[in-house]
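Structure at a glance
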Amino acid sequence: YERGNTHLFLYTKCSTALFFRDLGFYEIARVPDRVVFMENRKQGLEAFLMELKKETEAAAPGLSGEAAGAIVMNANPFTLGHRYLVEEASRRCSLLHIFVVSEDASLVPADVRMRLVKEGCAHIPGLVFHGTGSYMISNATFPSYFLKDEDTVIRSHAALDISVFKKIAAQLNISCRFVGEEPFSHVTKIYNEVMEAELHAAGMDCIIIPRKEAEGTAISASRVRSLIHEGRTEEIRSLVPESTYRFFLSAEGQAVAERIRNASGVVHY
């Protein structure tokens, strides 16, 4: 509280959740027999869900009640692979929710990532864009995405994150989540495995789309960051939409590129 952190989250064992409830924390989600996720705002998640619903009604008033699909992406930065995933998913549903990770823990700032996603998808109809807040792929729900953990910890965090997503899906009438296959990132591969099992168990579809390739290799944001890190920014042009490429040529983009070049690690583990 002294540091200004007034919205608090915590993990606890299922057996001790009642103790923290007495201290003013409220359950958001749990993985049975493993962990309970709590916050100190009684209506925290409910307020987030209502905001998502308002965003949907404002962006797609005629479609907000229909069955929808969803994609959650970090887009660090937005690539042709991300765009291909959105295009393929949008062909299978009339309304598609695009959630862009809000946590500002990536080399490309959160506001830039959201902007590049919107610009890169401007030609695709039926999309609604949302930030993930603290409730999806965040340091609260899924810290393993940002910090290296043991596989068992990653699986617990992934199950918890998906548990929260299922509440979001119920609010927005989402029946299907789309994800690109993951040949590179260890943590994302585990997350996708857990997600597929959890969503199928809940009666939801999880559709894995093969990655778009360039020169025989799957396109990835890690590859784009690696090229920028090596000072080969001109070579990303075949891997990203024109809007993303233009960004990295701009003064703002040059500052982000410099941040990437100075980073000690640019490949997502």
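See the structure shown above.
All of the points below concern the structure found in this document. The model shown is predicted, which means the values in this text are computed figures rather than measured ones.

Counted under the stated rule, the structure contains 10 aromatic pairs. Judged by centre distance (5.2 Å) and plane angle (85°), the rings of Phe-19 and Phe-20 are edge-to-face. What makes Phe-20 partly exposed here is its relative accessible area of 22%. Here the aromatic residues Phe-9, Tyr-11, Phe-37, Phe-48 and Tyr-135 are joined through ring pairs into a cluster of three or more.

This part takes up the side chain of Ser-185. Note that Ser-185 resides in the loop between strand 7 (174–180) and helix 6 (186–201). Side chain to side chain, Ser-185 and Thr-188 meet in a polar contact 3.0 Å long. Once you skip the residues sitting within four places of it in the chain, Ser-185 turns out to touch His-268 and Tyr-269.

On to the pattern of salt bridges. Counted according to the given criterion, the structure contains 12 salt bridges. Two residues, Arg-91 and Glu-88, come together in a salt bridge whose shortest N-O distance is 2.3 Å. The structure contains a network of salt bridges with shared partners spanning Arg-155, Lys-189 and Glu-193.

Another aspect to go through is the nonpolar core. Of all hydrophobic cores here, the largest spans 45 residues; its most connected members are Phe-99, Phe-142, Val-164, Phe-165, Ile-168 and Ile-174. With 10 residues, helix 5 (residues 151–172) is the largest single contributor of residues to this core. Apart from the residues lying within four places of it in its own chain, the contact partners of Phe-165 are Ala-70, Met-136, Ile-174, Arg-177, Leu-199 and Met-204. Within the second largest apolar cluster, 40 residues are counted, among which are Leu-85, Val-108, Ala-214 and Ile-236.

What counts and how
Residues numbered from 1 in each chain as written. Predicted model: local features only at pLDDT ≥ 70, side-chain atom pairs only at ≥ 80, totals over all residues. Heavy atoms only, no water. Phe/Tyr/Trp six-rings, centres within 6.5 Å; stacked < 30°, edge-to-face > 60°. Buried < 20%, exposed > 50% of the residue type's maximum accessible area, 1.4 Å probe, protein only. Helix = DSSP H or I, 4+ residues; strand = E, 2+ residues; numbered from the N terminus. Polar contact = N/O pair within 3.5 Å; in protein donor to acceptor, adjacent residues only side chain to side chain. Contact = heavy atoms within 4.5 Å. Salt bridge = Lys/Arg side-chain N within 4 Å of Asp/Glu carboxyl O. Core = buried A, V, L, I, M, F, W, Y, C linked by side-chain atoms within 4.5 Å.

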